[in-house]
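# Results of the structural survey
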Amino acid sequence: MRACVPLIVAMLCGLAWAAEENPIEPEPLLELEEETEGAPASSLYLAPSSCQGRCLEAFDKHHPCHCNARCPEFGNCCEDFESLCGHEGFSHSSDAISKEELQSVSEKIYSADTNKARKEDIVLNSQNCILPSETRDQVDRCPEPLFTYVNEKLFSKPTYAAFINLLNNYQRATGRGEHFTAQELAEQDTFLREIMKTAVMKELYGFLHQQNRYSSEQEFVSDLKNMWFGLYSRSKEERDSSGFEHVFSGEVKKGKVTGFHNWIRFYMQEQEGLVDYYSHIYDGPWDSYPDVLAMQFNWDGYYKEVGSAFIGSSPEFEMALYSLCFIARPGKVCQLSLGGHPLAIQTYTWNKSTYGNGKKYIATAYVVSSIH
């Protein structure tokens with residue numbers, strides 16, 4: 001068995017950047033094969049000189065003016081930035097959330113996650129670690145399942161139970177429209193209601209409220225529902241996808257697995273014989289849960305070349321970190337700190353459709369690096 005050496009998961013996923021306050025935009029390679037379809041393109045906007053439909057977008061050097069959090073600082077905002085995007089809390093450069101603030105609040109969120117798995121709750125069998133150059137081989141190098149044991153009493157906790165109820169509400173193939181029943185819509189509300197009872201999400205809301213992002217918890221929850229559960233089209237004209245489906249449940253497009261960054265989903269599908277764990281290229285530095293694993297697997301006939309996931313985290317923990325990064329660093333690398341270890345999350349916005357006053361849906365969010 002080959003031992004994993006300390007690596008930057010970003011490199012494993014085919015990404016590279018300078019780990020500074022303003023990281024270079026990652027190149028879309030392995031992890032991003034289907035993730036970047038929502039990336040900004042000037043052709044998507046009838047008037048790139050306006051912020052209409054562009055609030056929170058990532059910096060694009062091809063645009064004549066900009067609508068991101070730091071455009072006031074650089075003096076390159078579009079003329080209507082203040083009127084269209086001021087409600088986002090980005091009307092002044094002093095509102096921008098600093099790297100240090102992100103690291104501080106992520107440590108508080110990490111400490112607040114009392115629903116995470118204990119060390120004895122999960123027995124993981126990570127087996128064979130491969131080289132990044134081997135991820136495309138599609139060779140099953142691990143004869144045993146990834147999860148040897150999971151204490152399923154975890155799944156009876158309110159946030160876990162509400163999360164699991166959502167997982168069967170989706171068709172994994174893109175191009176097939178999603179149509180929610182009244183019960184499925186109620187399950188979304190139940191999940192949001194349950195996670196908002198936790199210290200993790202209270203910590204996140206308190207921080208974002210202090211940062212002028214939201215004036216009330218009701219506004220925050222409404223925005224979470226839209227950004228995560230709002231439907232948009234990844235294929236043809238059908239509203240066939242959402243941030244939640246992509247990130248947590250997983251999708252299949254053009255014969256490949258996209259998204260699917262959740263350990264609970266992985267475990268449940270593995271238990272049903274639908275997921276076959278092949279190998280991993282990275283195991284995080286944490287000696288307790290949550291940890292991070294970047295792995296290769298087959299999902300009922302479709303291959304995932306590199307998929308990173310937290311292991312042993314609560315649903316509210318993942319929602320909190322991904323939401324934090326999407327709100328503070330939409331479309332960029334977001335540098336956090338968990339238990340004294342640096343960790344980075346990449347999010348992408350879906351820019352082909354919007355909700356509210358030009359707000360963007362989550363296209364994807366996942367762990368890209370842990371430097372140690």
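Residues numbered from 1 in each chain as written. Predicted model: local features only at pLDDT ≥ 70, side-chain atom pairs only at ≥ 80, totals over all residues. Heavy atoms only, no water.

By the naming in an unreviewed UniProt entry, the protein goes by Endonuclease, poly(U) specific and is assigned to Ovis aries.

## Describing the overall build of the protein
Cut-off, in case you're wondering: Starting at the N terminus, helices and strands are each numbered in turn, a helix being any DSSP run of H or I of at least four residues and a strand any DSSP run of E of at least two. Whether two residues are in contact is decided by their heavy atoms, any of which lying within 4.5 Å being enough. For the accessible areas, the method is Shrake-Rupley and the probe is 1.4 Å, while residue cover comes only from the protein chains on display.
The secondary structure content of the protein amounts to eleven helices and ten strands. For the protein, the proportion of contacts with a sequence separation of at least 24, taken over those separated by at least 6, is 62%. Carbon and sulfur atoms make up 49% of the accessible area of the protein, which amounts to about 14,900 Å² in all.

## As for the packing of helix α4 (residues 99-112) against helix α11 (residues 315-328)
Quick reminder of the rule: As a rule, the C-alpha atoms of each element are fitted with a line to give its axis, helices using only the stretch in contact, and angles between N-to-C directions run from 0 to 180 degrees. Should an angle lie under 35 degrees it is considered roughly parallel, over 145 roughly antiparallel, and from 65 to 115 roughly perpendicular; all remaining angles are considered oblique. By convention, the crossing between two helices is left-handed when the near helix turns anticlockwise from the far helix through less than a right angle, and right-handed when the turn is clockwise.
Viewed as axis vectors pointing N to C, α4 and α11 meet at an angle of 165°, and their least axial separation amounts to 10 Å. Considering their axes alone, α4 and α11 lie roughly antiparallel with respect to each other. Seen along the crossing, α4 lies across α11 with a hand that is right-handed. For the pair α4 and α11, contact is made by Leu102, Val105, Ser106, Ile109 and Tyr110 and by Phe317, Ala320, Leu321, Leu324 and Ala328, respectively.

## Quick notes on helix α10 (residues 263-271)
This is how it is decided: The buried label applies to any residue whose accessible area, calculated with a 1.4 Å probe on protein chains only, is under 20% of its type's maximum; exposed applies above 50%, and partly exposed to all values in between. Any N or O atom pair separated by 3.5 Å or less is treated as a polar contact, with the protein-specific requirement of one donor-capable and one acceptor-capable atom, and with residues adjacent in sequence counted only for side-chain atom pairs.
Extensive coverage of α10 is indicated by the burial of seven of its nine residues. A side-chain oxygen of the first residue of α10 lies 3.1 Å from the backbone nitrogen of isoleucine 264; this N-cap is asparagine 262.

## Details of the sheet that holds strand β9 (residues 341-355)
To keep things clear, this is the line we draw: For two strands to pair, DSSP has to find at least two bridges joining them.
Pairing in this open sheet of three strands is antiparallel, and the strands run β8-β9-β10 from one edge to the other. Bordering the open sheet on either side are β8 (333-338) and β10 (359-369), each of which pairs with just one other strand. Put simply, the sheet's adjacent strands are angled 30° from each other on average, direction ignored. As defined by bridge partners, β8 adjoins β9 across six bridges and the pair is classed as antiparallel. Residue pairing across strands places leucine 338 opposite histidine 341, the latter belonging to β9. Running at roughly 70° to β9, α11 makes contact with β8, β9 and β10 of the sheet.

## A word on the state of the cysteines
Under the convention used in this document: We call a pair of cysteine sulfur atoms a disulfide whenever their separation is within 2.5 Å.
Overall, the coordinates contain two disulfides when judged by the stated rule. Cysteine 65 shares a disulfide with cysteine 78; S-S distance 1.9 Å. Between cysteine 65 and cysteine 78 the sulfur-sulfur dihedral comes to about 85°; the bridge is accordingly right-handed. With cysteine 65 in the loop between α1 (9-12) and α2 (71-74) and cysteine 78 in the loop between α2 and α3 (81-85), this pair connects stretches of sequence that are 13 residues apart. Here the two residues cysteine 65 and cysteine 78 agree in accessibility, since each one is buried. Residue pairing for cysteine 325: its cysteine sulfur links by disulfide to cysteine 334, the two sulfurs lying 2.2 Å apart. Judged by the sign of its S-S torsion, about -70°, the bond between cysteine 325 and cysteine 334 is left-handed. Take cysteine 325: its relative accessible area is 0%, and that puts it in the buried class. Looking at cysteine 142, it has no disulfide partner, and the nearest cysteine sulfur is the one in cysteine 129, 9.4 Å off.

## As for the pattern of salt bridges
This is how it is decided: The working definition used for a salt bridge is a side-chain nitrogen of Lys or Arg within 4 Å of a carboxyl oxygen of Asp or Glu.
Taken as a whole, this structure holds eight salt bridges when the rule is applied. Measuring nitrogen to oxygen at the nearest pair gives 3.3 Å for the salt bridge that ties aspartate 137 to arginine 141. The salt bridge involving aspartate 189 is made with lysine 225; its shortest N-O contact spans 2.8 Å. Remark: lysine 225 occurs in helix α8 (residues 217-229) and aspartate 189 occurs in helix α6 (residues 182-195); sequence separation between them is 36 residues.

## Focus on the packing of α4 against helix α7 (residues 199-210)
Put simply, the rule is: Note on residue classes: Ala, Val, Leu, Ile, Met, Phe, Trp, Tyr, Cys and Pro are nonpolar, Asp, Glu, Lys and Arg are charged, and everything else, Gly too, is polar.
Between α4 and α7, the shortest axis-to-axis distance is 8 Å and the interhelical angle comes to 160°. As summarised for this structure, α4 and α7 are arranged roughly antiparallel, according to the angle between their axes. The hand of the α4/α7 crossing is right-handed. Residue-level inspection shows Glu101, Val105, Lys108, Ile109 and Ala112 of α4 in contact with α7, the latter providing Ala199, Val200, Glu203, Leu204 and Phe207. Looking at the contact of α4 with α7, its residues break down into seven nonpolar, no polar and three charged.

## Some thoughts on the nonpolar core
Keep this limit in mind: Think of a nonpolar core as a cluster: buried Ala, Val, Leu, Ile, Met, Phe, Trp, Tyr and Cys residues, connected wherever their side-chain atoms sit within 4.5 Å.
Core analysis: the biggest nonpolar cluster contains 94 residues, and Phe220, Trp228, Phe244, Trp263 and Phe310 have the highest contact counts within it. No other element matches α11, which puts ten residues into this core. Dropping the residues within four chain positions of it, phenylalanine 220 is found in contact with Met196, Met201, Leu204, Tyr205, Leu208, Tyr214 and Ile327. Cys67, Cys71, Cys78 and Phe81 belong to the second-largest nonpolar core, a separate cluster that totals nine residues.

## A short note on the pairing of β10
Taken across its eleven residues, β10 has eleven buried, putting it largely inside the fold. Note that β9 and β10 share nine bridges and pair antiparallel. Directly across from threonine 347, in β10, lies its bridge partner alanine 365. Once β9 ends, the chain turns through three residues before running back antiparallel as β10, passing glycine 356 with a positive phi of about 60°.

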